[in-house]
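Structural features, examined
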Amino acid sequence: MPTTAAEPTRRVPHGRGTVPADGGRRTARARRAQRAKDWARRAPLLPALVFLIVVTQLPFVATVVISFTRWNALAPDNRGFAALDNYVAVFTDPAMRSSVLTTVVLTVTVVLVSLLLGLGLALLLDRGFRGRGIVRTLLITPFLVVPVASALLWKHALYNASYGLLNGALTWIWGLFGSDHPPQPDWMTDSPLAAVEVSLIWQWTPFMMLILLAGLQSRATDAIEAARMDGASAFDIFRYLTLPHLRRYLELAALLGTIYVVQNFDAVFTITSGGLGTANLPYTIYQTFYQAHDYGRASAQGVVVVLCSLLVATFALRTVSSLLREEVSR
């Protein structure tokens, strides 16, 4: 009887070898199935994405469009396309340059002092002692206070020249030495920028402390124990082991603090109302929009501030990514 040989599978060239002819169809089906699975995972996130775009991106696009227009509510007939005039005015306005300098001084001072105080508190809380949980909770409390409430606390309860706690403490101390004429400085008038800086340092030091404390608790304890057994002092351990380990956390805390302090409006508005050289960028935008009613220039100022914040945020995200990669590689 004649035998029927099995029909050989037709193969097509593929790179260096060959694959069955139906292999391409299976691959296409697998790709379609994978795309369907990907969309099934992403579909629940689409409403949140649409909401985020509507709430954040559309207003920003509208702000960019308005920044290229000549629009002042005090001159309704003089409205139209302004090209780059608003941006030229932003970079040539003396008040804007002054607010930029004030913002830089305010941000650098608050971030650096908060970092140093936060580092000291984190080193203390990294040690074991009785009541550490209660102390940690109390130290975190200033960061949980609403910014406006914090500014009002400093303005009325501490800085007030008539009934503030600071002048009351000076009166009590001078009274201990028999003096009836203690100094009663007006803190918000004599040192307005320092008054704003101190209130922000009090509020942001716990934030720095939390980040640095997390970094301290992620150290390799075996290396520290080995250094102690080799006779290294506490300062040497801090300088050669702790500080290099905290470098990424210090960078992250500084970058995040910079992003938030640059955008601070509550303390300046509440404590000094932007007077006596304390007007920073957010307060200057507020003045341009709500007092001068120049919507085009205020929008241009806002766009410039957002772009600068995005630049700083980019470095912050890179630092976070590097920290995550280091933790994963351990």
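For clarity, every value in this text was computed on a predicted model and none was experimentally measured.

Rules and cut-offs
Residues numbered from 1 in each chain as written. Predicted model: local features only at pLDDT ≥ 70, side-chain atom pairs only at ≥ 80, totals over all residues. Heavy atoms only, no water. Helix = DSSP H or I, 4+ residues; strand = E, 2+ residues; numbered from the N terminus. Contact = heavy atoms within 4.5 Å. Expected span 1.5 Å × (residues − 1). Buried < 20%, exposed > 50% of the residue type's maximum accessible area, 1.4 Å probe, protein only. Phe/Tyr/Trp six-rings, centres within 6.5 Å; stacked < 30°, edge-to-face > 60°. Salt bridge = Lys/Arg side-chain N within 4 Å of Asp/Glu carboxyl O.

Its location among the elements puts leucine 123 in helix H4 (residues 94–125). With 119 residues separating them along the chain, leucine 123 and threonine 242 place their C-alpha atoms 10.0 Å apart. Those residues within four positions of leucine 123 in sequence are excluded, and the remaining contacts are Leu216 and Phe238.

Compared with an ideal rise of 1.5 Å per residue, which puts 16 residues at 22 Å, helix H12 (residues 247–262) spans 22 Å between its outermost C-alpha atoms and is within 8% of the ideal. Buried within H12 are the following residues: Tyr249, Leu252, Ala253, Leu255, Gly257, Thr258, Ile259, Val261 and Val262.

A ring pair, where both rings are aromatic, is described by two values, the distance of the centres and the angle of the planes. Taken as a whole, this structure holds 17 aromatic pairs when the rule is applied. With a centroid separation of 5.4 Å and an interplanar angle of 45 degrees, the aromatic rings of tyrosine 283 and tyrosine 286 are classed as tilted. Within this pair, tyrosine 283 and its partner tyrosine 286 are both found in helix H14 (residues 281–291), separated by 3 residues, close to a single helical turn. On the accessibility criterion, tyrosine 283 (4% relative accessible area) is buried. For tyrosine 286, a relative accessible area of 22% corresponds to the partly exposed category. Ring pairing ties together the aromatic residues Trp71, Phe265, Phe269, Tyr283, Tyr286, Phe289, Tyr290 and Tyr295, which thus form one cluster.

This brings us to the pattern of salt bridges. The tally for this structure, following the rule as stated, stands at 5 salt bridges. Aspartate 126 is the salt-bridge partner of arginine 219, the closest N and O atoms lying 2.6 Å from each other. Of this pair, arginine 219 sits in the loop between helix H9 (192–216) and helix H10 (221–229) while aspartate 126 sits in the loop between H4 and helix H5 (132–144), placing them 93 residues apart in sequence. Residue aspartate 126 is classed as partly exposed on the basis of its relative accessible area, which comes to 24%. With a closest N to O distance of 2.9 Å, arginine 247 and glutamate 251 form a salt bridge. One end of the pair, arginine 247, and the other, glutamate 251, are both in helix H12, 4 residues apart, so they sit about a helical turn from each other. One salt-bridge network, held together by shared partners, links Arg247, Arg248 and Glu251.

No statement about biological role is implied by the geometric values presented.
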